Amino acid sequence: MFRPVLLAAALTAAVPAHADAELDALRAELKQLKDSYETRIQALEARLQAAETQTAAAPPAETTPASTASFNPDISLILQGRYAHLDDVGERNISGFLPAGHDHGVPRGFSLDHTELVMSASIDPYFRGYFNLALLDEEVGIEEAWVQTTRLGNGFSVKGGRFLSGLGYQNEKHPHAWDFADNSLMYRALFGEAYGNDGVQLKWVAPTELFVELGAEAGRGANFPGTDRNANGAGSTTVFGHLGGDVGASHSWRAGLSYLHAKATEREGELDDVNDLAVDTLFTGTSSTWLADFVWKWAPDGNARERNFSLAAEYFLRKERGSLCEHDPLNGGCAAGTGDAYRSRQSGFYAQGVYQFMPRWRTGYRYDRLDPGAVDFGLNGLNLAPPDYKPVRHSLMLDYSPSEFSRLRLQYSKDKSMAALDENQWFVQYIHSLGAHGAHAF
Amino acid sequence: MKRLFIACALWLPLAAHGALNVFACEPEWAALAKAIGGPSAQVYAATTALQDPHRIEARPSLIAQMRRADLVVCSGAGLEAGWLPVLLREAGNGKVQPGRPGYVEATRFVALLEKPASLDRAQGDVHAAGNPHIHTDPRNIARVGTVLAARMAELDPAQAAVYQAQWQSFSARWNEAIVRWQQRAQPLKNLPVAVQHKSFSYLLAWLGMREVATLEPQPGVEPSVGHLARVAAQLQATPARAVLRAAYQSPRPADWLAARAGIPALALPFTVGGNARAPDLFGLFDDTLDQLLKAAP
């Protein structure tokens, strides 16, 4: 706009007065130029104004459909396998502890671990569903199959079906999300793998800046330490609470306390008698377990991409009270004259640290220790040996994750979980996942 | 009647105190929500500019904040796939579930670039819906702002007029700034650059710059030394004027390549708070242009 004016001024100053005709022609041309400029600017301004009012009046419509909103459920398949270098030990039971249910153990040499098939999706605006199938040779296990409310609001959610209990820290994690190639001794002694149940869970998150979560579960209680039952009502109940928060941008933590109460009827077990011979036993009574868990994670400025560290520790105390008898293999049930009162109080813990020292590479150390505690066999004490061996294990691992979907791991364990056996164990493991992104919990 | 008025007048400040809680997944959306909400909105940014938004832990503190939120605003398009679903699931907050007015996915309101023609993880961690880093084009921020202002007004009708007024004022200043930035950025047209991750595709498209190389062999995969050497060789044939990375990304690959190619490595703020000169949305683009213009001929 200013340029034509300046040009005109320059022209008037520069051109001699006698060139009048030429000057008029120039002036006319200039005026034409100015007019055309002005109309074009006006048109542009109008267009800009129109565009502005349009954007102000109507927010842009949602265009691209979100990937997760497709109707197909998110499907992922987890492939796991390993090579294990182990001593030739017949039965791998932790000394002084009853063998807990669902525990496959690890075969020597090459073997395929669980192959997991996972599906999840929103069912409708009110529920979401999750399904986890664990496949092994000649065995298919429904690890989880549940529905959960999404719109209850006020921090409440209800889950129903078969699910892994919210107690402790590691319990809700499937083996592919573990930081080590095998389970901690504590979880092996408590539940075999993890405590799952058919039942309902109610959870509530408090509307506070500090993370406060309270939960309660009631269920069938068919899994160790309970037994399956033919009865109405609940066979096991769980309550748990978690607190958590951040300390600065780099640190975060979570701590929890959980309680599990279960009933057992003629629960099978195996104990050593005073002559170190195995005795098959049946336990009827109640089992209550306290768990305390603590997790602390660090990443510089909260950016876990380059380096990060996590420390997790859990402690349990389990009390069982009821009666124990020797299993009569011929007639089933208790062998006559062997039953008497049984009380036990056992505890244990694990602590582990995992450090990602550069992208893709992590290393970790885990310490396991169990205390067989006090076991009172009543009159059976004459035949059964009270346990006095404290199982211990050290594990060291190194893993490499080429991407978020693949992981290779090497682990060495010094396992003294069985009395009179000091074993060096080596594991090489792969965990690969196909399909949907699995978002992992803290 | 008079007493009733007094009672109302006394009660009003209390009502105003019940501010709209906004949970923003990334700092740019937090800054935008603050600009619209002013003192009427309590805005929480779930991540900082020094954190990789692809890799965030679903920390307990985030679940607690999600529980309190009236409105959640995130980039979407799979950027937060590793953590946002956990927060939504664990928080038990019905108001902010996908499909409710309290849930805004910014990428659903703009046209996305780099939609993959085929989906295969062999190509790295590709986002099926397209590149989610839309906020590096300020015009996209304006588009999302319109949506956000409307949603905030819908969720907090008592303050609707305030939100609209604040948005109009911000939007006017923002549009002026966009014109100013576009004028300043004239020398950047056709400027060839290398990028560490495809973080700046929208910025480059807006300013007409050219991306001649990517340091990551595949999206989300760390560049190896071998790959960087190949990129360096590639830059000999098609030279770049600068290597761009986001503040949260490791400086090593970009610095190495920049030293090898004899060009500057620029740590762009990428989002609000990425450096001291980017404390707000205006500073973010001012500093981004300042840095880029230094690389221009």
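In case you missed it, the structure is sitting above this.
Residues numbered from 1 in each chain as written. Chains lettered and ligands numbered in written order. Predicted model: local features only at pLDDT ≥ 70, side-chain atom pairs only at ≥ 80, totals over all residues. Heavy atoms only, no water.

### Remarks on the overall build of chain B
Here is step 1 of the chain: A tally of helices and strands in chain B yields 10 helices and 8 strands.
Here is step 2 of the chain: Split into buried and exposed, the 297 residues of chain B put 58% on the buried side.
Here is step 3 of the chain: For chain B, the proportion of contacts with a sequence separation of at least 24, taken over those separated by at least 6, is 64%.
Here is step 4 of the chain: Accessible surface, chain B: about 11,900 Å² in total, of which carbon and sulfur atoms supply 57%. (Helix = DSSP H or I, 4+ residues; strand = E, 2+ residues; numbered from the N terminus. Buried < 20%, exposed > 50% of the residue type's maximum accessible area, 1.4 Å probe, protein only. Contact = heavy atoms within 4.5 Å. Areas by Shrake-Rupley, 256 points an atom, 1.4 Å probe, with all protein chains shown as cover.)

### Side note on the overall build of chain A
Here is step 1 of the chain: If you tally the helices and strands in chain A, you get 3 helices and 17 strands.
Here is step 2 of the chain: The buried share of chain A, taken over its 442 residues, is 42%.
Here is step 3 of the chain: Within chain A, contacts between residues separated by at least 24 positions form 61% of all contacts whose residues are at least 6 apart in sequence.

### So, a negative patch on the surface
Residue and element names in this part refer to chain A.
Here is step 1 of the chain: A contiguous patch of negative charge on the surface is contributed by Glu 266, Glu 268, Asp 280 and Glu 326.
Here is step 2 of the chain: Along the chain, Glu 326 falls in strand β12 (residues 308–326).
Here is step 3 of the chain: The exposure class assigned to Glu 326 is partly exposed, which follows from its relative accessible area of 38%. (Patch = residues over 30% accessible without salt bridge, like charges linked within 9 Å, V, L, I, M, F, W, Y side chains within 5 Å. Salt bridge = Lys/Arg side-chain N within 4 Å of Asp/Glu carboxyl O. Lys, Arg positive; Asp, Glu negative; His and termini not counted. Charge placed at Lys NZ, Arg CZ, Asp CG, Glu CD.)

### Remarks on the sheet that holds strand β8 (residues 265–268) of chain B
All names here are of chain B.
Here is step 1 of the chain: Pairing in this open sheet of 4 strands is parallel, and the strands run β6-β5-β7-β8 from one edge to the other. One side of each edge strand has no neighbouring strand; the edge strands of this open sheet are β6 (210–214) and β8. Strand-to-strand twist across the sheet, computed as the mean angle between neighbouring axes with direction ignored, equals 35°.
Here is step 2 of the chain: The sheet contact formed by strand β7 (residues 242–246) and β8 spans 4 bridges and is parallel. Within β8, the residue paired with Val 243 across the bridge is Ala 265. (Pairing = 2+ DSSP bridges. Axes fitted to C-alpha atoms, helices over the stretch in contact; angles between N-to-C directions.)

### Things to note about the side chain of A:Gln352
Residues and elements named next belong to chain A.
Here is step 1 of the chain: If you trace the backbone, Gln 352 turns up in strand β13 (residues 340–358).
Here is step 2 of the chain: Residue classification places Gln 352 among the buried residues on the basis of a relative accessible area of 9%.
Here is step 3 of the chain: Within the structure, the side chain of Gln 352 is placed 3.2 Å from the side chain of Asp 179, a separation counted as a polar contact.
Here is step 4 of the chain: Contact partners of Gln 352, with chain neighbours within four places excluded, come to Asp 179, Phe 180, Ser 310, Leu 311, Ala 312, Tyr 365 and Arg 366. (Polar contact = N/O pair within 3.5 Å; in protein donor to acceptor, adjacent residues only side chain to side chain.)

### Some words on the packing of aromatic side chains
Here is step 1 of the chain: Counted according to the given criterion, the structure contains 25 aromatic pairs over all chains.
Here is step 2 of the chain: Centre to centre, the rings of A:Phe349 and A:Tyr367 are 5.9 Å apart; their planes meet at 55°, and the pair counts as tilted. Highlighted residues: A:Phe349 in strand β13 and A:Tyr367 in strand β14 (residues 361–376), separated in sequence by 18 residues.
Here is step 3 of the chain: Judged by relative accessible area, which is 31%, A:Phe349 ranks as partly exposed.
Here is step 4 of the chain: In this structure A:Tyr367 comes out as partly exposed when scored by relative accessible area, which is 21%.
Here is step 5 of the chain: Ring geometry for B:Trp181 and B:Phe285: centres 5.1 Å apart, planes at 35°, overall tilted. Of this pair, B:Trp181 sits in helix α6 (residues 160–184) while B:Phe285 sits in helix α10 (residues 281–295); the two residues are 104 residues apart in sequence, bridging distant segments of the chain.
Here is step 6 of the chain: The exposure class assigned to B:Trp181 is buried, which follows from its relative accessible area of 0%.
Here is step 7 of the chain: With relative accessibility at 3%, the residue B:Phe285 sits in the buried group.
Here is step 8 of the chain: Counting every residue linked through ring pairs, the aromatic cluster contains B:Trp167, B:Phe170, B:Trp174, B:Trp181, B:Trp206, B:Phe282 and B:Phe285.
Here is step 9 of the chain: Over the aromatic face of A:Trp146 sits the side chain of A:Lys159, whose NZ or CZ is 4.3 Å from the ring centroid.
Here is step 10 of the chain: Across the ring face of A:Phe180, the terminal group of A:Arg366 is positioned such that the distance to the ring centre comes to 4.7 Å. (Phe/Tyr/Trp six-rings, centres within 6.5 Å; stacked < 30°, edge-to-face > 60°. Lys NZ or Arg CZ within 6 Å of the ring centre and 35° of its normal.)

### Here we look at a nonpolar patch on the surface
Residues and elements named next belong to chain A.
Here is step 1 of the chain: Taken together, Tyr 83, Phe 110, Phe 357, Met 358, Leu 398, Leu 410, Trp 426 and Val 428 make up a surface patch of nonpolar side chains, about 760 Å² in accessible area.
Here is step 2 of the chain: Elements that contribute at least two residues to the nonpolar patch include exactly β13 and β17 (423–435).
Here is step 3 of the chain: Positionally, Phe 357 belongs in strand β13.
Here is step 4 of the chain: Classification of Phe 357 as partly exposed rests on a relative accessible area of 34%.

### So, the interface of chain A and chain B
Here is step 1 of the chain: In this complex, chain A contributes 55 residues to the contact, which on the side of chain B involves 52 residues.
Here is step 2 of the chain: Taken over both partners, the interface formed by chain A and chain B buries close to 4,600 Å², and the fraction arising from carbon and sulfur atoms is 49%.
Here is step 3 of the chain: Here chain A and chain B share 9 salt bridges between them.
Here is step 4 of the chain: Put simply, chain A and chain B have 16 residue pairs in polar contact (both at pLDDT 80 or more) between them.
Here is step 5 of the chain: Secondary structure elements with two or more residues in the side of chain A that touches chain B: α2 (20–57), β7 (196–205), β8 (211–219), β9 (236–247) and β10 (251–272) of chain A.
Here is step 6 of the chain: Class assignment for the residues of the side of chain A that touches chain B results in 22 nonpolar, 18 polar and 15 charged. (Buried area = accessible area lost by both parts, 1.4 Å probe. Nonpolar A, V, L, I, M, F, W, Y, C, P; charged D, E, K, R; others polar.)

### Notes on the state of the cysteines
Here is step 1 of the chain: What the rule picks out here adds up to 2 disulfides over all chains.
Here is step 2 of the chain: Through a disulfide, A:Cys325 is tied to A:Cys334; the S-S separation comes to 1.9 Å. The chirality of the disulfide connecting A:Cys325 with A:Cys334 is left-handed, given an S-S dihedral of about -75°.
Here is step 3 of the chain: Its relative accessible area of 4% is what places A:Cys325 among the buried residues.
Here is step 4 of the chain: A:Cys334 sits in the partly exposed class, given a relative accessible area of 43%.
Here is step 5 of the chain: With its sulfur 2.0 Å from that of its partner, B:Cys25 forms a disulfide with B:Cys74. Taking the sign of the S-S torsion, about 50° here, the bridge from B:Cys25 to B:Cys74 comes out right-handed. (Disulfide = S-S within 2.5 Å.)

### So, the pairing of strand β3 (residues 115–122) of chain A
It is a general feature of regular strands that their side chains alternate between the two faces of the sheet.
All names here are of chain A.
Here is step 1 of the chain: By the bridge criterion, 5 bridges tie strand β1 (residues 74–85) to β3 in an arrangement that is antiparallel. Bridging across to β3, Ser 76 finds its partner in Val 118.
Here is step 2 of the chain: As paired elements, β3 and strand β4 (residues 127–136) share 8 bridges and run antiparallel to each other. Bridge pairing links Val 118 to Asn 132 in β4.
Here is step 3 of the chain: Connecting the antiparallel pair β3 and β4 is a turn made up of 4 residues.

### Considering empty space enclosed by the protein
Residue and element names in this part refer to chain A.
Here is step 1 of the chain: Scanning the model with the defined rule gives 7 cavities of 30 Å³ or more in all.
Here is step 2 of the chain: In this structure, the largest cavity encloses a volume near 100 Å³.
Here is step 3 of the chain: Lining the largest cavity are Tyr 169, Gln 170, Lys 173, Ala 177, Trp 178, Asp 179, Phe 180, Asp 182, Tyr 350, Gln 352 and Arg 366.
Here is step 4 of the chain: Of the residues belonging to the lining of the largest cavity, the class tally is 5 nonpolar, 2 polar and 4 charged. (1 Å grid on protein atoms, 1.4 Å probe; cavity = no way out; pocket = protein on both sides within 12 Å on 5 of 7 lines; lining within 4 Å. Points joined across faces, edges and corners; volume = space filled by probe spheres on them.)

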